[in-house]
Amino acid sequence: MALSSLLSPPTHVSSNSTHSIPKLYHFSHSTSFSFQNTPSFISFPTNTCPQNQKWRTNVSFFPSFFNKTLDPTPIKQELLEAIAPLDRGADATPKDQQIIDQIARKLEACNPTKEPLKSNLLNGKWELIYTTSKSILQTQRPKILRSRVNYQAINGDILRAQNMEGWPFFNQVTADLTPLNSRKVAVKFDYFKIGGIIPVKAPGRARGELEITYLDEELRVSRGDLGNLFILKMVDPSYRVPT
């Protein structure tokens, strides 16, 4: 959530079925949806320097480290290694959550995509690999009754999103997105699909917001308005939300 409460039902939506009703990553009933290049600094090229100021050639107004965009690669690797043993966050202790949040903030600080909602990198099918949302992780259930995988698809061009829950329930939900700024969207759920088949119209109060705080071609970090963190990896950039 880019754009991410995932596929567990909003707290205000209930069902008599033992199946959970899906909910968008990073979306809750009042969720923030999500979906920063450092400025370049000017230095004097040699061929434009006045003759009497050649000492300024190739010298920046700022220290050289300000001229370099922080490489997110080692931070992403650190984040993925920290996430790997935590079963998408279900096995995370409060200390683990704190460590993951700190690494995520380091990654957000070097976000290469200044306006995620305008980027084609947002489009496609994403897999949720970590979250702090208990409703998505379904930690109140025995492990055998929890979803094994959750996906979120986004079509930024038509402002549509779809969340898909894997085995054993295969629930889905679709939503309309309304940009609030270049990083955040309001989310209005329209239809749930129980088992991916049975349509259920979402109540009007099923809505929220999501903010995308990091985005590149392989990883997306989003934060919801309830304070939950969502980390997703790209699995299919060609996938589009069915219309």
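This structure is a prediction, so every number in the text was calculated from the model and none was measured. (Residues numbered from 1 in each chain as written. Predicted model: local features only at pLDDT ≥ 70, side-chain atom pairs only at ≥ 80, totals over all residues. Heavy atoms only, no water.)

Here we look at the overall build of the protein chain
Which entries qualify depends on this criterion: The secondary structure listing takes helices from DSSP runs of H or I that are at least 4 residues long and strands from runs of E that are at least 2 residues long, numbered from the N terminus. Categorising residues by exposure relies on relative accessible area from a 1.4 Å probe, with only protein chains included: less than 20% of the type maximum marks a residue as buried, more than 50% marks it as exposed, and the intermediate range marks it as partly exposed.
Summing up its helical and strand segments, the protein chain has three helices and 10 strands in all. Ordered by position in the sequence, the α and β elements of the protein chain form the string β-α-α-β-α-β-β-β-β-β-β-β-β. The 243 residues of the protein chain split such that 47% are buried.

A word on the nonpolar core
The line we're drawing: Take the buried residues of types Ala, Val, Leu, Ile, Met, Phe, Trp, Tyr and Cys, join any two whose side-chain atoms come within 4.5 Å, and each joined set is a nonpolar core.
Grouped together as the largest cluster of nonpolar side chains are 22 residues, with contacts concentrated most on Leu122, Val185, Val187 and Phe189. Of the residues forming this core, the biggest block, four residues, is contributed by strand 6 (residues 184-194). Ile83, Ile103, Tyr130 and Val221 belong to the second-largest nonpolar core, a separate cluster that totals 17 residues.

Some details on unusual backbone geometry
Residue Pro168 is bonded to the preceding Trp167 through a cis peptide linkage, with omega at 15°. As for its placement among the helices and strands, Pro168 is situated in the loop between strand 4 (160-165) and strand 5 (172-179). A positive phi angle, close to 55°, is found at Leu159, a residue other than glycine. When you line up the elements, Leu159 lands in the loop between strand 3 (150-155) and strand 4. We note that Phe170 has phi near 60°; this positive angle belongs to a residue other than glycine.

Digging into the pattern of salt bridges
Between side chains of opposite charge, a pair can form when the charged atoms approach closely. Put simply, the test is: Salt bridges are defined as contacts in which a side-chain nitrogen from Lys or Arg sits within 4 Å of a carboxyl oxygen from Asp or Glu.
Taken as a whole and judged by the stated rule, the model has 12 salt bridges. A salt bridge links Arg160 to Asp190; the shortest N-O distance between them is 2.4 Å. A residue pair is termed long-range when its members are at least 10 positions apart, and Arg160 in strand 4 and Asp190 in strand 6 qualify at 30 residues. Each member of the pair, Arg160 as well as Asp190, is classed as buried. Residue Glu211 is joined to Arg183 by a salt bridge in which the shortest nitrogen-to-oxygen separation is 3.1 Å. Here the residue Glu211 occupies a position in strand 8 (residues 207-215), and Arg183 occupies one in the loop between strand 5 and strand 6, the gap between them amounting to 28 residues. When its relative accessible area of 18% is taken as the criterion, Arg183 is described as buried. Linked by salt bridges that have partners in common, Asp101, Arg105, Glu108 and Arg223 make up one network.

Digging into a nonpolar patch on the surface
So the rule is basically this: A residue counts toward a patch only above 30% relative accessible area and without a salt bridge, and it is joined to like-charged neighbours within 9 Å or, for Val, Leu, Ile, Met, Phe, Trp and Tyr, to nonpolar neighbours within 5 Å. Working definition of accessibility: Shrake-Rupley area with a 1.4 Å probe, residue cover restricted to the visible protein chains.
The grouping of Ile197, Ile198 and Val200 at the surface amounts to a nonpolar patch, some 290 Å² of accessible area in total. With respect to the helices and strands, the residue Ile197 is situated in the loop between strand 6 and strand 7 (198-201). Classification of Ile197 as exposed rests on a relative accessible area of 67%.

A short note on helix 2 (residues 94-108)
We apply this condition: What a helix should span is 1.5 Å times the count of its residues minus one. As used here, the arc is the angular range of directions from the helix axis to the C-beta atoms.
Its 15 residues give helix 2 an end-to-end C-alpha distance of 21 Å, which sits within 8% of 21 Å, the value for a rise of 1.5 Å per residue. Considered for burial, the residues of helix 2 that qualify are Ile100, Ile103, Ala104, Leu107 and Glu108. All buried residues of helix 2 lie within an arc of 145° about the axis, which places them on one face of the element. For helix 2, the exposed residues lying more than 90 degrees away from the buried face are Pro94 and Lys95.

Concerning the environment of Pro242
One can find Pro242 in the segment after strand 10 (229-236). As for Pro242 and Gln162, which are separated by 80 residues in sequence, their C-alpha atoms are 8.5 Å apart.

Examining the packing of helix 1 (residues 73-83) against helix 2
The axes of two packed helices give the description: the angle between them and the distance between them. Put simply, the rule reads: For every element, the axis is a line fit to its C-alpha atoms; helices are fit only across the contacting stretch, and the angle between N-to-C directions ranges from 0 to 180 degrees. Note that the term roughly parallel is reserved for angles under 35 degrees, roughly antiparallel for angles over 145, roughly perpendicular for angles of 65 to 115, and oblique for everything else. Crossing handedness is defined as follows: a turn of the near helix away from the far one that is anticlockwise and smaller than a right angle gives a left-handed crossing, while the clockwise case is right-handed. Here, two residues are considered to be in contact whenever any of their heavy atoms come within 4.5 Å of each other. Under the scheme applied here, ten amino acids are nonpolar (Ala, Val, Leu, Ile, Met, Phe, Trp, Tyr, Cys and Pro), four are charged (Asp, Glu, Lys and Arg), and all others, including Gly, are polar.
In contact at an axis separation of 9 Å, helix 1 and helix 2 are set at 160° when each is read in the N-to-C sense. It follows from the interaxial angle that helix 1 and helix 2 lie roughly antiparallel. Judged by the sense of rotation from one axis to the other, the crossing of helix 1 with helix 2 is left-handed. Touching Ile75, Lys76, Glu78, Leu79, Ala82 and Ile83 of helix 1 are Ile100, Ile103, Ala104, Lys106 and Leu107, all from helix 2. For the contact of helix 1 with helix 2, the residue count by class is eight nonpolar, no polar and three charged.

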